[in-house]
Amino acid sequence: MHESQSNQRVDWPVLDFANAIEELATQHYAVLPNFLSDAQQDALRRELVACQQQGLFHAAGIGRGQHHNLNRQIRGDSICWLEDDFNTGRHYLAQMDTLRHTLNASFYLGLQSFEAHYAHYQAGSVYQRHVDRHRDNDARVISSVCYLNADWPADAGGELQLFNAHDELLLRLPPLGGTLVLFMSADMPHEVLASTQSRYSIAGWFRRDEMTYALV
Ligand SMILES: O=C(O)CCC(=O)C(=O)O
Ligand SMILES: [Fe+2]
């Protein structure tokens with residue numbers, strides 16, 4: 001990835017995840033409203049757009065292996081997997097690796113890796129209700145989504161709706177820039193509602209096995 005405009009200095013301080021750990025333990029999801037500073041969000045969004053301009057994005061699919069397929073009515077985003085050599089994305093991966101160690105120390109989950117992709121939902125596109133753990137592979141343990149939308153209008157839609165295993169709505173979260181949401185991958189259905197404008201994010205998963213790229 002060749003990206004030229006990330007000269008601006010951005011701080012990535014070590015974060016305190018104590019509240020998030022507490023929320024995950026009690027309600028199986030956690031919302032961290034100011035996980036990223038404005039400068040961090042801007043830098044990540046600039047990198048995302050640069051990747052798009054370089055043609056590194058592709059339409060996201062559903063399922064994996066032989067069950068993998070494309071259906072833009074079910075899942076409308078386009079994605080680009082983060083790599084360790086991305087100028088800005090690598091700082092995000094490092095933050096999440098710190099969180100992985102904290103999660104392991106708190107819950108003994110044995111999380112071995114973290115994978116993440118940039119995502120772009122064009123106006124009107126959705127991701128219908130689904131669970132992130134694949135039917136034939138239980139490697140994904142905790143899901144994360146971090147939003148990169150500056151100044152998201154209250155009426156722009158694009159909310160994440162999160163349900164419990166009994167299909168009761170737990171959370172309706174607008175994709176405000178800098179917010180990180182974490183939830184258990186196995187038993188929490190969720191969906192992305194249509195928005196009136198482009199919606200940018202990083203979706204990622206803490207996994208129990210070594211990372212294998214391009215599962216979705
Ligand atoms: O962007 C979101 O709010 C959720 C995305 C999602 O569910 C996924 O990528 O699996
Ligand atoms: Fe999901």
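Residues numbered from 1 in each chain as written. Chains lettered and ligands numbered in written order. Predicted model: local features only at pLDDT ≥ 70, side-chain atom pairs only at ≥ 80, totals over all residues.

## Description of the site of ligand 1
Every residue near ligand 1 is listed here: Tyr127, Asp132, Val145, Leu160, His190, Val192, Ser201 and Ala203. The set of elements that each furnish at least two residues to the shell around ligand 1 consists of β10 (190-192) and β11 (199-207). Considered class by class, the residues forming the shell around ligand 1 number 5 nonpolar, 2 polar and 1 charged. (Near = placed C-beta within 6 Å. Helix = DSSP H or I, 4+ residues; strand = E, 2+ residues; numbered from the N terminus. Nonpolar A, V, L, I, M, F, W, Y, C, P; charged D, E, K, R; others polar.)

## What to know about the pairing of strand β3 (residues 78-81)
Consecutive residues of a regular strand have side chains that alternate between opposite faces of the sheet. Pairing of strand β2 (residues 58-59) with β3, which is carried by 2 bridges, proceeds in the antiparallel orientation. By the bridge assignment, Ala59 is partnered in β3 with Ser78. Here β3 runs beside strand β4 (residues 113-121); their pairing, made up of 4 bridges, is antiparallel. Bridging from a neighbouring strand, Cys80 pairs with Tyr118 of β4. (Pairing = 2+ DSSP bridges.)

## Some points on the UniProt feature "domain: Fe2OG dioxygenase" (unreviewed entry) in the protein chain
Here, UniProt's "domain: Fe2OG dioxygenase" (unreviewed entry) annotation points to residues 112-208. Taken as a whole, residues 112-208 contains 0% helix and 48% strand, while its terminal C-alpha atoms sit 5 Å from one another. (UniProt positions renumbered as here; feature names shortened; annotations may be inferred.)

## Remarks on the pairing of β11
Along β11, 9 of the 9 residues are buried, which leaves the element largely enclosed by surrounding structure. Neither face of β11 is left uncovered, since the one carrying Arg199, Ser201, Ala203, Trp205 and Arg207 and the one carrying Tyr200, Ile202, Gly204 and Phe206 both have all their residues buried. Pairing of β4 with β11 involves 9 bridges; the strand directions are antiparallel. Of the residues in β11, the one forming a bridge with Ser113 is Arg207. (Buried ≥ 20, exposed ≤ 12 C-beta atoms within 10 Å, placed from the backbone.)

## A word on the sheet that holds β3
Read from one edge of the open sheet, 7 strands run β1-β9-β6-β11-β4-β3-β2, paired in antiparallel fashion. Strand pairing shows two members of the sheet lacking a second neighbour, β1 (29-32) and β2, which therefore form its edges. In the sheet, strand β6 (residues 140-147) pairs with β11 via 7 bridges, with the strands oriented antiparallel. For Ser144, the partnering residue across the bridge sits in β11 and is Gly204. Lying over the sheet, helix α3 (residues 89-107) contacts β4, β6 and β11, oriented at roughly 130 degrees with respect to β4. (Contact = placed C-beta atoms within 7 Å. Axes fitted to C-alpha atoms, helices over the stretch in contact; angles between N-to-C directions.)

## Things to note about the environment of Gly178
Mapped onto the fold, Gly178 is located in the loop between β8 (169-173) and β9 (180-184). With 19 C-beta atoms counted inside 10 Å, the residue Gly178 sits in the partly exposed group. Separated by 143 residues in the primary sequence, Gly178 and Phe35 place their C-alpha atoms 5.5 Å from one another. Ignoring any residue separated from it by four or fewer positions in sequence, one finds Gly178 in contact with Asn34, Phe35, Leu36, Ser37, Gln41 and Tyr147.

## Some thoughts on the environment of Ile21
Relative to the elements of secondary structure, Ile21 occurs in helix α1 (residues 18-27). When neighbours within four sequence positions are excluded, Ile21 is seen to be in contact with Thr102 and Ser106.

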